[in-house]
Amino acid sequence: MSEEEQQLIREQIKIDLEKGIEATQRKDIDVYMERLPADLVIYDESGEVISREKQREYVLRDWSIIDTTLAIRMHIDSIDYLASDSVLVYTSQFWKRMMFRRDGVSLDTIITTQKHKETWKKNAQGWCGYTIEELGGTILINGIPYTE
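Residues numbered from 1 in each chain as written. Predicted model: local features only at pLDDT ≥ 70, side-chain atom pairs only at ≥ 80, totals over all residues. Heavy atoms only, no water.

Draft legend 1. Representation of the packing of aromatic side chains in the model. For the structure on display, the rule yields 1 aromatic pair. For the pair Tyr 32 and Trp 63, a centre-to-centre distance of 5.7 Å together with 80 degrees between the ring planes defines the contact as edge-to-face. Highlighted residues: Tyr 32 in helix H2 (residues 29-34) and Trp 63 in helix H3 (residues 52-64), separated in sequence by 31 residues. Since its relative accessible area comes to 12%, Tyr 32 is described here as buried. Sitting over the face of the ring of Trp 95, Arg 97 holds its NZ or CZ atom 4.0 Å from the ring centroid. The lysine or arginine in question, Lys 121, covers the ring of Tyr 130, its NZ or CZ lying 5.5 Å from the ring centre. (Phe/Tyr/Trp six-rings, centres within 6.5 Å; stacked < 30°, edge-to-face > 60°. Helix = DSSP H or I, 4+ residues; strand = E, 2+ residues; numbered from the N terminus. Buried < 20%, exposed > 50% of the residue type's maximum accessible area, 1.4 Å probe, protein only. Lys NZ or Arg CZ within 6 Å of the ring centre and 35° of its normal.)

Draft legend 2. Examining H3 more closely. Here H3 contains 13 residues, and its C-alpha end-to-end distance of 18 Å stays within 8% of the 18 Å for a straight helix at 1.5 Å per residue. Along H3, the positions that sit buried rather than exposed are Gln 55, Tyr 58, Val 59 and Trp 63. One side of H3 holds all its buried residues, which, seen down the axis, span an arc of 130 degrees. Turned more than 90 degrees away from the buried face of H3 sit Glu 53 and Ser 64, all of them exposed. Each element contacted by the buried residues of H3 is listed here: helix H1 (3-26), H2, strand E1 (41-43), strand E2 (49-51), strand E3 (66-83) and strand E4 (86-100). (Expected span 1.5 Å × (residues − 1). Arc of directions from axis to C-beta. Contact = heavy atoms within 4.5 Å.)

Draft legend 3. Highlighting the nonpolar core. In terms of nonpolar packing, the biggest core is built from 19 residues, with Ile 29, Tyr 32 and Trp 63 touching the most fellow members. The set of elements that each furnish at least two residues to this core consists of H1, H2, H3, E3 and E4. No other element matches the 4 residues that H2 contributes to this core. Counting residues in hydrophobic clusters, the runner-up holds 9 residues, among them Ile 9, Ile 79, Val 89 and Trp 127. (Core = buried A, V, L, I, M, F, W, Y, C linked by side-chain atoms within 4.5 Å.)

Draft legend 4. The arrangement of the pattern of salt bridges in detail. A complete count under the given rule lists 7 salt bridges for this structure. With a closest N to O distance of 3.2 Å, Asp 16 and Arg 35 form a salt bridge. Highlighted residues: Asp 16 in helix H1 and Arg 35 in the loop between H2 and E1, separated in sequence by 19 residues. Exposure remark for Arg 35: the relative accessible area of 11% places this residue in the buried category. (Salt bridge = Lys/Arg side-chain N within 4 Å of Asp/Glu carboxyl O.)

Draft legend 5. Structural context of the environment of Ile 110. For Ile 110, the position within the fold is in strand E5 (residues 107-123). Separated by 55 residues in sequence, Ile 110 and Gln 55 have C-alpha atoms that sit 20 Å apart. Dropping the residues within four chain positions of it, Ile 110 is found in contact with Trp 95, Lys 96, Arg 97, Met 99, Ile 139, Leu 140 and Ile 141.

Draft legend 6. Spatial organisation of the environment of Glu 134. Summarising the element assignment, Glu 134 is placed in strand E6 (residues 126-141). Given a relative accessible area of 26%, Glu 134 falls into the partly exposed group. Measuring from C-alpha to C-alpha, the distance between Glu 134 and Ile 111 comes to 16 Å, with 23 residues separating the pair along the chain. Sequence-distant contacts of Glu 134, defined by excluding residues within four places in its chain, comprise Tyr 43, Asp 44, Glu 45, Gln 114, Lys 115 and His 116.

Honestly, it's all geometry; don't read function into it.
Here is the structure:
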């Protein structure tokens, strides 16, 4: 695969990731979901396997307690080009937001970071992320590290 082809794949994936970020900022579930293939699978750090339908449920739940997204970024750290229609994408996410406490009124500043290993495949719609494996990250609540 040529460098030009690799750069084109990277740009197409970056555009899709940015579309997901914009949808998250606007809390637009339809735009968020239209990016996800029907057979999406997410493997979270706890070992839970999350389907596309479960991801929609989790996103709506999470968005309901977010007052404002202050900053959100997704960086492509590297890409392993497996074939012309299949790649592994390693990403780093940063998300700073104001979230409601359980009282529904008070707000905390939450910063999360998360690294992902994502399998992307080219289909009729273009490049889509098919599997996501969470590789670890951090959580800060009002600047204080959160540990479970």
